[in-house]
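# A look at the structure
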Amino acid sequence: MTPQLTAKPGSSLAQTATGRAKDQAGALPRKRNRWSRRKRQDFFVFLALALPNLLLIAVFTYVPLFNNLYYSTLNWTLGSASATVVGLENYVTFFTSADAGRVLGTTAVFTAATVGGSMALGMLVALALNSKVRGTTFARSAVFAPYVLSGVGVGLVWLFIFDPGYGVLAWILRGLGQQSPQWINDPELSLVMVIIVYVWKNLGYCAVVFLAGLQSLPQDVMEAASLDGASSFRRFVSMSLPLLSPTTFFLLITTMLSSLQAFDLIRIMTPLGSGTSTLIYEAYLQAFGAYNRAGYSAAISVVLFVILLVITVLQLRFVEKKVHYS
């Protein structure tokens, strides 16, 4: 048993212990002050770096957002000096009109088709580009190139392809003894036309992101499964797809938000919105088209914003639970 030493008052041992206690008591406030000063310095550095960005976001994102909310309660036309406050009348008019179902249905079909088509074809292209053959570098660049091209330029080029009178597709069909469909004049076919072009333009983005995910998979695990006799399809379904769930979740969010806000291709290929009036394009037509109803257009924009917000929250709340992060 270790004996305990007791210092007598006034002894050297007691004086030494008292001095150490005083040093420790005096050192603690100095350490605490030094830490608080460092925290203040870090906070000022954070403000210096983040404040300009926060101001830009506030000025160009949140101020227009709240202004749009206010405009949606007005009966107002662009250029007019006066406006009438109508409250929620614009929202009631939209949801009770016959066009609401058509616009919402077109938006849902366009979003589902473009997101599903881009991700499915992007995955197939990524699997092809992941193979170790000559020319894959050029193929990757060629696949990704349409994504960075201007939507206006892409739409104009594809209009010459789909034109039923003198387009390239019409010329090929006439050579085969067939008549070209009325892609531009038929509302149902015009939506199909825009979906095809949008998927072609954006599948390169999905392919590159999926390719990055495929190349980050643990190769030793794949080789072990191959040695155990698992086929390529079995390895893809049972191993690659679950490991790619974070990549798939990221693409699902980004492509869905992008499709809901698609505008340039629709504007160029179908200027009148015949069969292609999604929510964002309907808002444009109401404000800048023949209707000239800026307040009503603002209400449609608010509806689109709420849909985007709800979809994002639901994806983060429920879909992310099925994502397996390694």
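See the structure shown above.
Below you will find a few notes about this structure. (Residues numbered from 1 in each chain as written. Predicted model: local features only at pLDDT ≥ 70, side-chain atom pairs only at ≥ 80, totals over all residues. Heavy atoms only, no water.)

Moving on to the nonpolar core. Within the largest apolar cluster, 33 residues are counted, with the highest numbers of intra-cluster contacts made by Phe94, Met119, Phe210, Leu251, Leu279 and Ile300. Going through the elements one at a time, helix 2 (89-96), helix 3 (98-129), helix 7 (187-215), helix 8 (219-227), helix 9 (232-243), helix 10 (245-260), helix 12 (279-288) and helix 13 (294-317) are the ones with two or more residues in this core. Setting aside residues no more than four positions away along its own chain, Ile300 makes contact with Phe94, Leu279, Glu282, Ala283 and Gln286. Of all hydrophobic cores here, the second largest spans 20 residues; its members include Leu159, Met193, Val194 and Ile266. (Core = buried A, V, L, I, M, F, W, Y, C linked by side-chain atoms within 4.5 Å. Buried < 20%, exposed > 50% of the residue type's maximum accessible area, 1.4 Å probe, protein only. Helix = DSSP H or I, 4+ residues; strand = E, 2+ residues; numbered from the N terminus. Contact = heavy atoms within 4.5 Å.)

Applying the stated criterion across every chain yields a total of one salt bridge. Measuring nitrogen to oxygen at the nearest pair gives 3.4 Å for the salt bridge that ties Arg102 to Asp99. In this pair, Arg102 and Asp99 both sit in helix 3, three residues apart, roughly one turn of the helix. A residue is classified by how much of its surface remains accessible, and Asp99, at 34% relative accessible area, is partly exposed. (Salt bridge = Lys/Arg side-chain N within 4 Å of Asp/Glu carboxyl O.)

A word on the packing of helix 5 (residues 151-162) against helix 6 (residues 168-175). How two helices pack is summed up by the angle between their axes together with the distance between the axes. Between helix 5 and helix 6, the shortest axis-to-axis distance is 4 Å and the interhelical angle comes to 20°. One finds that helix 5 runs roughly parallel with respect to helix 6. Contact residues: helix 5 offers Phe160, Ile161 and Phe162, while helix 6 offers Val168, Leu169 and Ala170. In terms of residue class, the contact of helix 5 with helix 6 is built from six nonpolar, no polar and no charged. (Axes fitted to C-alpha atoms, helices over the stretch in contact; angles between N-to-C directions. Parallel < 35°, antiparallel > 145°, perpendicular 65-115°, else oblique. Nonpolar A, V, L, I, M, F, W, Y, C, P; charged D, E, K, R; others polar.)

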